[in-house]
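Each chain, letter by letter, is given below.
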Amino acid sequence: MSYQKQPAALVVTAALAGSALLLTAPAARAEVQDVDYQCRTPIGNKGAVSPIDIKSTRSGAGHKLTMSFQKGVSSSPVELGKGAMKPSAVIELGGADKGTVTVSGPPNAEPVPANTPIKISTLTGTYTPEKSGKVTFTAGVLTIKALGTTTTCTPANDPKPSLTLDVRKAGGSDAGSGSGSDAGSAPGAGSGSDASDGARDTPSGDEELPRTGPADSTLALGTLGGTVLLVGAAGVLWLTRRNRAGG
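This write-up is about the structure you can find in this document. (Residues numbered from 1 in each chain as written. Predicted model: local features only at pLDDT ≥ 70, side-chain atom pairs only at ≥ 80, totals over all residues. Heavy atoms only, no water.)

**Digging into the overall build of the protein**
Link 1 in the chain: The helix and strand inventory of the protein stands at two helices and eleven strands.
Link 2 in the chain: Ordered by position from N to C terminus, the α and β elements of the protein give α-β-β-β-β-β-β-β-β-β-β-β-α.
Link 3 in the chain: Here the protein holds 247 residues, and the buried ones make up 37% of them.
Link 4 in the chain: In the protein, the share of contacts with a sequence separation of at least 24, taken over all contacts with a separation of at least 6, comes to 71%.
Link 5 in the chain: Of the roughly 13000 Å² that the protein leaves accessible, carbon and sulfur atoms contribute 56%. (Helix = DSSP H or I, 4+ residues; strand = E, 2+ residues; numbered from the N terminus. Buried < 20%, exposed > 50% of the residue type's maximum accessible area, 1.4 Å probe, protein only. Contact = heavy atoms within 4.5 Å. Areas by Shrake-Rupley, 256 points an atom, 1.4 Å probe, with all protein chains shown as cover.)

**Here we look at unusual backbone geometry**
With glycine set apart, most residues show a phi of negative sign, and most peptide bonds adopt trans.
Link 1 in the chain: Positive phi, normally seen in glycine, also occurs at Leu147, with a value near 55°.
Link 2 in the chain: Counting through the fold element by element, Leu147 comes out in the loop between β8 (133-146) and β9 (149-155).
Link 3 in the chain: In this structure, Asp158 is a non-glycine residue whose phi angle is positive, near 50°.
Link 4 in the chain: Structurally, the position occupied by Asp158 is in the loop between β9 and β10 (163-167).
Link 5 in the chain: The class of Asp158 is exposed, set by a relative accessible area of 70%.

**Overview of the pairing of strand β6 (residues 99-104)**
Link 1 in the chain: In terms of burial, β6 is largely enclosed, as five of its six residues are buried.
Link 2 in the chain: Relative to β6, strand β5 (residues 85-95) runs antiparallel, the two sharing six bridges. Within β6, the position partnered with Leu93 by the bridge is Gly99.
Link 3 in the chain: With antiparallel pairing between neighbouring strands as the criterion, β5 and β6 make up a hairpin whose turn holds three residues. (Pairing = 2+ DSSP bridges.)

**Quick word on the pattern of salt bridges**
Link 1 in the chain: In the structure shown here, the tally under the stated rule is two salt bridges.
Link 2 in the chain: The shortest N-O distance in the salt bridge between Asp166 and Lys134 comes to 2.9 Å. Here Lys134 lies in strand β8 and Asp166 lies in strand β10, a separation of 32 residues in the sequence.
Link 3 in the chain: Asp166 gets classed as partly exposed once you look at its relative accessible area, which sits at 25%. (Salt bridge = Lys/Arg side-chain N within 4 Å of Asp/Glu carboxyl O.)

**Examining the pairing of β8**
Link 1 in the chain: Within β8, ten of the 14 residues are buried, which leaves the element mostly enclosed by the surrounding structure.
Link 2 in the chain: Judged from the ten bridges that link them, β5 and β8 form a sheet pairing that is antiparallel. Within β8, the residue paired with Ala89 across the bridge is Leu142.

Quick look at the structure:
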């Protein structure tokens, strides 16, 4: 009966190995960070804290980034009419890759009343890795252009990264895995340095953007765990047949 216990032990070992892979695998992270923006306006300095969320969707060899402001920043002494305000910002890269990615958004869709926090629209851009490894994405300088003036808002509290991705250099066999949910479709551009909107090629409108995030890592590792179990099962079948033939 010992030969029956040996295959059973192999199955248990294979199952434990698959579980260990799932539990120990590193995952990309996306975290909302509070950013203390200190703004230099034409009429003086103003400040406001806004939680910033940066998310990613893989797009070919690059990643489309979405930067969202959960609270308004700065204000205007006069009403800003519809379409009068145009925001943009930079996202600072850290870790394996260095530089910045420029993201931008559409003009304000609704009038902004005087002396009220300016709601920043969702900003989007494209990041193309120039290095392979773990890369962090942190909110940088915000620029607001309105009525012929420019307001510059600089993070004063040294915010932590809002997003961390494991990436591969563009042109490699894999563009890396991302974290977060779908980003918007309006392209900015960036790859380790400042760039303007549309500076890099983007996929056609018919191309479906792969979803990235922790779920992808879990799926891949689950597949690997399943493979380990299948190999263990094959070993069990071989041992069983050999023992029966020997009996």
